[in-house]
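Coordinates in review
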Amino acid sequence: MLEYDIVIVGGGGAGLYAALWAAENTILKVAVITKVYPTRSHTGAAEGGINAVLTHSVGDSPEAHAYDTVKGSDFLADQDAVDIMCKMGAAVIYDIAHRGVPFSRRPDGRIAQRPFGGASFPRTCYAADKTGFYILQTLYEQCLKNNVTFLNEWFLLSIIHNGERVEGITAWDVRNGGVHLIKTKAVILATGGHARVYWNRTSNALGNTGDGTAAVLRAGLPLKDMEFIQFHPTGLAKTGILVTEGARGEGGYLRNKDGERFMKRYAPEKMELAPRDIVARAIQTEIDEGRGCGPNGDYICLDLTHLGEKRINERLPQTREHAILYEGVDPVKEPIPIAPTAHYSMGGIDTDKLGRTPIKGLYAAGECACISVHGANRLGGNSLLDVLVYGRLTALEAVKYADDAPETNPSFAKVKDDEKRILELMEASGKEKMPQLRRELGEVMMKHFGVFREESSMKEGLEKLYEIKERAKEVKVYDTSKKFNTDLISVLEFLNLVELAPAIAIPAVERRESRGSHARKDYPERDDKNFLKHSVIKLGEDGSYQLSWKPVVITKFPPEERKY
Amino acid sequence: MIKIGFYQGCCFQGQDAHMFETMKETFKKLDVELELLEETTCCGGNTIDEENRKLSYAINARNIALAEARGLDMLVSCNTCYMVIAKAKRALDTDEELREEINNLLREEGLEYKGTSRIYHLLDFFRDAVGYEKIRKAVKRPLKGWKVAAYYGCHVLYPKEIAIDNSDNPSSLQEILKALGAEVIDDYEHKDACCGYHSFFTDKSMTLKKLNRILGSVKKMGADIVATPCPLCFKSFDIYQLNMEKPPMVPSSFLPELMAYAFGIDKETSGLAHHLVKVEKD
Amino acid sequence: METVKLQVFRYDPEKDAAPYYKEYEVPVEGTLLNALLYIKDNLDPTLAFRAFCRSEVCGSCSMKVNGKTKLACKTPMKELVETWKGKPLRIDPLSHMNVIKDLVVDIDKPIEKMKTLIPWLVPDPRVVPTDPMHESIIYPEEMKAYRDQIHCMLCFSCYSACEAVEDNSRYRGPFAFSRAYRFQVDRRDIETAKEKRIRYAISGGLWSCVQCQKCLYVCPKGVKPAEDIQNLRGQSVKKGFTDKPGARKLKHFVDWIYATGQINRLYLPEEVYGNKEAREKLTKAYQEMGVEVWEVPKPTKGLMKFRDIYLEILSKENKALELDFSHVRKIDKMVSDIFKADICTIVDRAHERGESAKGLIGKLKELLGGK
């Protein structure tokens, strides 16, 4: 058994920032467990930037940022949490800049900011088009500097709690094999999102499988607003790999097969810089109505050619590289084929405005958490901010809690359970093949719970998800070795997705309105009277999904129509 | 007849000065006239960069400008000189500010770097400008029965921006050796290994370990001789080999020497007779 | 559909007595990572390799193809098939690290090595405000100094391809030097940390780099470690760490090139290692073969103007070493002693006659009356 005071699960932006703040503010024993080496986490793929009102942001204010965020969220975000996040913006930006993040600078040496979708001021700080990458690398450097303990390549299995407080976790040591009990007073989950549930059409890394979120679900604890999945408007047509919003921020045009800048029909004022959900729906509509490009009319063109080679190389080097490598198109010469791609999970582990779950000592931060600061739709540039603000806040909360909390006494029973579960997987029938079933899962999710949704289709989809969940019991792990068993990990990740899929589908069916990323053809309007509320879903004792609702915190900004 | 500016570097100086005459004669047999760019200086050997990189760029802007002033492309026969000059050319061609700054200095000498001359290394010169067929035709004394290990060294293959062949799977050297009638040995791991030449004066132990590995595997493959298109690799093999505790005594040759010999030039003039590790084969 | 055979390194230390290769036929489509995922999904779920972002930002999937280090997600299958002309592709784990299983290697050692070089910002309180609400001012111009280095994603491709790691187990690795150098040129980093990095870099093999440039070639992100190592060497010499063979070699280059336009390989052993014997032995060996040996290189035509350019740059730029004019004068004297004339005369008169190389020294001496 391993013993710590605070265990942080996940080594991405939220996990590392939490580790850093915990390490610098306590003498407690802190460890980060992460299924991939920290610098490989998906924060590294965040390109565009991070929103914050800085001291030199003329005319802008944290309040304006909060308003844009709340409006962007289609008024589903909790305004007390949004307030905290927006007010902390400058503090986290300056902190990470002081630690070495190479933010792009204005000629006067101050941090540069650019316009981003849904923002009323240019407040997105950026470091070329690799903001998340540089933040991740810098935080890792700083963790090394502070001698943070890392359990690299360990996979979270279960969360142990006694209904009141957290006692520990179990995890699989990927490198050597074996289930381990980790005793701890506090756990910060920073395990990232679950958009991989749309397996075939997502911008996410292979491992964004909602491991922490699924563990919370299995622990009988609530998830919130799971129906809200953000589709990024610009995923490369062939792979779903992301083209940053920065490409439009820099002045890129979206064109349909007639060469028309169609955004003028959807958001005449903001055009290409309208919030993501609106742009994604516009693109999907163009494709659905036969105005898509290419032989199958299944994509739209993102045109950067007018920006010129110099500007593209300077501001969007990675975009150019990816377009050439994965799409075979040089954006200097031709437009990039793009289509919406599942990108971000607004929903996740239900926490309060400080990242606390209903279980004492258990926190969640970053994409796995639903605080909720993004509500029904996240603004570009707000996820890195969320990651840092809540990484830091949960660390401070965990330190405060673990300082006084008595020793825990987690039972070994969970270890036995998990060992049994793994053994069963290795001895399963193998009647179903995981990769095939995983593809099916992705197809069902995209077809029935994609950019546009509709009752009968979703109900059909939900049935299919239950069916997949049944069939998943026949999935077998073929690799029986202990060391670096990637077959086992892939299956465990897949099973996490299978468990999470209905948790997305059920509230999606029940939310009979359109709000943010949740766009229903049968209920095209927002319905504040009935649905200005969070969906909360958890597993009952019998393993059934139980849906309930809870109110949204509204302080300063009363709901209004969301127009751009 | 192709006329090309020949950059001598340090390798055709001192005890190797006679090699230029041999090169000239050898190239004549391929209808190539070498014009010695006598005002050129040492490329800085990839060492002057440690002093200051701009100095390296300036020195080589000047070297290239001397070829340009004659309206000639430039042939560089040493891997390192080639790499250093080609890197400088790349920097000058892509950085207008740098080019202007350096040209301001060169103007005092009546020179200007324009970027009009192509920089050739031996291998791409033979492939692109001369052609393997022409080499084949010039052969008077085919290297029949010579088992020659093809060894590239690093600075013609790396970095990618200046590589003169497919860096992963190069073929130009083998083609030339085949044209000379030799039996080519190239199926060994170390044909792009570092010869250790440059580390002899920074960390000598590295050189000796590398020579041991390269020459050891070449010997195991049954090679009579190693052929390299780089005079520095050749020196590492021929001279530094003797610093090894148990030198495997594998003979080596600078590619133009073998060409000269195959073209009918005698062993003495070709340079093959002047090696410290004797070339017994004939 | 076009296919190609992959021969993939397999080794499970728990089960296999020795590594072996297993052959898989994969479509020539997309990237090498696609091919590996194809194997895992369709042919053999037991194959172990690392992969995560699939879009060349995470650095997980580096490996070797026919001995050459590649990032799988950045390597188009078509390109591989073209390079290797359709022959089977041998897929191996990275070199210089222990194999955990199949294509997965232990990267802890290089990370530990990197840590010794203080690869993080140690803020100088005079530049970085301690008040967290105060911004530190950084000008876009100064960020150019580390614009390449910050792209390192820890894929360990360079560590695998490195010729210095191969022969010096203490050598920290190309990436480690690049990541350390990034802070050496950051104004926010404190001077004391910069000095420490240099000291640790030297003990970590700074002078063992052979400058083969393979790290530049294999880096999927355009980092240029070999060049950063040159920069670090320059910094170390500038900071006074001159008691290293490499530092003396640099001095040789700086002085001789200025003095004659050329280095003098005959004198290198002497000036670097204090080894006079080497020159005598070499001279004798060549003379016995009838090869004329020059004591000094033939001074370059136009040398005086060349010196102007050289000095002009050194006078303005940041440099590792000052020109040692007493050394230069000694070289001048050597040249004039041999040729019995001052350096300007030699250069000009020799070139006026357009002498050929063979027997030049003798002719020069004759010409200048130095018999």
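Residues numbered from 1 in each chain as written. Chains lettered and ligands numbered in written order. Predicted model: local features only at pLDDT ≥ 70, side-chain atom pairs only at ≥ 80, totals over all residues.

With that out of the way, let us pick up the sheet that holds strand β9 (residues 166–173) of chain A. A sheet is described by the order of its strands in space; here 4 strands give the open sequence β1-β10-β9-β8 (chain A), paired in mixed fashion. If you trace the sheet from one side to the other, it starts and ends with β1 (2–3) and β8 (154–161) of chain A, each paired once. (Pairing = 2+ DSSP bridges. Helix = DSSP H or I, 4+ residues; strand = E, 2+ residues; numbered from the N terminus.)

Of all 2 pairs of chains in contact, the one with the most contacts involves chains B and C. A gap remains between chain A and chain B, which never touch, and the nearest two C-alpha atoms on either side lie 12 Å apart. (Contact = placed C-beta atoms within 7 Å.)

Another aspect to go through is the confidence of the model for chain C. Averaged over every residue, the pLDDT of chain C is 91; residues scoring 70 or more account for 91%. Listed scores for the predicted complex are pTM 0.95 and ipTM 0.96. (pLDDT = per-residue confidence, 0-100.)

Contacts between the two partners involve 41 residues from chain C and, on the opposite side, 45 residues from chain A. For the side of chain C that touches chain A, the secondary-structure elements that each account for two or more residues are β6 (99–101) and α4 (140–143) of chain C. For the side of chain C that touches chain A, the class distribution of residues is 26 nonpolar, 6 polar and 9 charged. (Nonpolar A, V, L, I, M, F, W, Y, C, P; charged D, E, K, R; others polar.)

Bringing the packing of helix α6 (residues 211–218) of chain A against helix α15 (residues 486–510) of chain A into the picture now. Residue and element names in this part refer to chain A. Following both chains from N to C, one finds α6 and α15 inclined at 65 degrees, their axes separated by 9 Å at the closest point. Of the possible angle classes, the one that applies to α6 and α15 is roughly perpendicular. Regarding α6 and α15, the two cross each other, and that crossing is left-handed. Side by side, α6 and α15 meet where Asp211, Thr213, Ala214 and Leu217 of the first sit next to Glu493, Asn496, Glu499, Leu500 and Ala503 of the second. Partitioned by chemical class, the residues of the contact of α6 with α15 number 4 nonpolar, 2 polar and 3 charged. (Axes fitted to C-alpha atoms, helices over the stretch in contact; angles between N-to-C directions. Parallel < 35°, antiparallel > 145°, perpendicular 65-115°, else oblique. Left-handed = near helix turned anticlockwise from the far one by under 90°.)

Counting 397 residues, the largest nonpolar core has Ala18, Ala19, Ile93 and Ile188 of chain A together with Val148 of chain B as its most contacted members. Broken down by element, the residue count for this core peaks at 16 residues, all from α15 of chain A. Apart from residues no more than four positions distant in its own chain, valine 148 of chain B is found in contact with Leu143, Leu177, Ala182, Glu183, Val184, Ile185, Ala223, Asp224, Ile225 and Ala227 of chain B. (Core = buried A, V, L, I, M, F, W, Y, C linked by C-beta atoms within 7 Å. Buried ≥ 20, exposed ≤ 12 C-beta atoms within 10 Å, placed from the backbone.)

Here we take up the environment of glycine 366 of chain A. All names here are of chain A. Here glycine 366 is to be found in the loop between β18 (362–364) and β19 (369–370). Glycine 366 sits in the buried class, given 35 other C-beta atoms within 10 Å. Remark: the alpha-carbon pair of glycine 366 and valine 389, spanning 23 residues in sequence, is separated by 8.7 Å. Residues in contact with glycine 366, not counting those within four places in the same chain, are Gly12, Gly13, Ala14, Ala190, Gly192, Asp386, Val387, Tyr390 and Gly391.

Each partner contributes residues to the interface: chain C has 64 residues there, and chain B has 52 residues. At the level of elements, α6 (163–167), α9 (214–218), α10 (225–238), α11 (245–260), α12 (268–273), α13 (276–288) and α14 (303–316) of chain C are the ones that each hand at least two residues to the side of chain C that touches chain B. Considering each element in turn, the side of chain C that touches chain B owes the most residues, 8 residues, to α14 of chain C. The residue makeup of the side of chain C that touches chain B, split by class, is 32 nonpolar, 16 polar and 16 charged.

A few words now on the pairing of strand β3 (residues 62–65) of chain C. Residue and element names in this part refer to chain C. In the sheet, β3 pairs with strand β4 (residues 68–71) via 4 bridges, with the strands oriented antiparallel. Bridge assignment links methionine 63 to a residue of β4, and that residue is lysine 70. Between the end of β3 and the start of β4, which pair antiparallel, lie 2 residues, with asparagine 66 showing a positive phi angle near 45 degrees. Sheet analysis places β3 next to strand β5 (residues 89–92), joined by 2 bridges and oriented antiparallel. Its bridge partner lying in β5, lysine 64 is registered against aspartate 92.

Residues and elements named next belong to chain B. Sheet topology places strand β1 (residues 2–7) next to strand β2 (residues 32–36); 5 bridges connect them, and they run parallel. Among the inter-strand pairings, isoleucine 2 is bridged to a residue of β2, identified as valine 32. Once the chain exits β1 it traverses helix α1 (residues 18–28) before rejoining the sheet at β2, and the crossover so formed is right-handed. Bridge count for β1 against strand β3 (residues 74–76) is 3 bridges, and the pairing is parallel. (Right-handed = clockwise from strand over helix to strand, strands pointing away.)

Bringing the environment of lysine 420 of chain A into the picture now. Tracing the chain through its elements places lysine 420 of chain A in helix α12 (residues 413–426). On a C-alpha basis, the gap between lysine 420 of chain A and alanine 31 of chain A in space is 26 Å, while along the polypeptide they are 389 residues apart.

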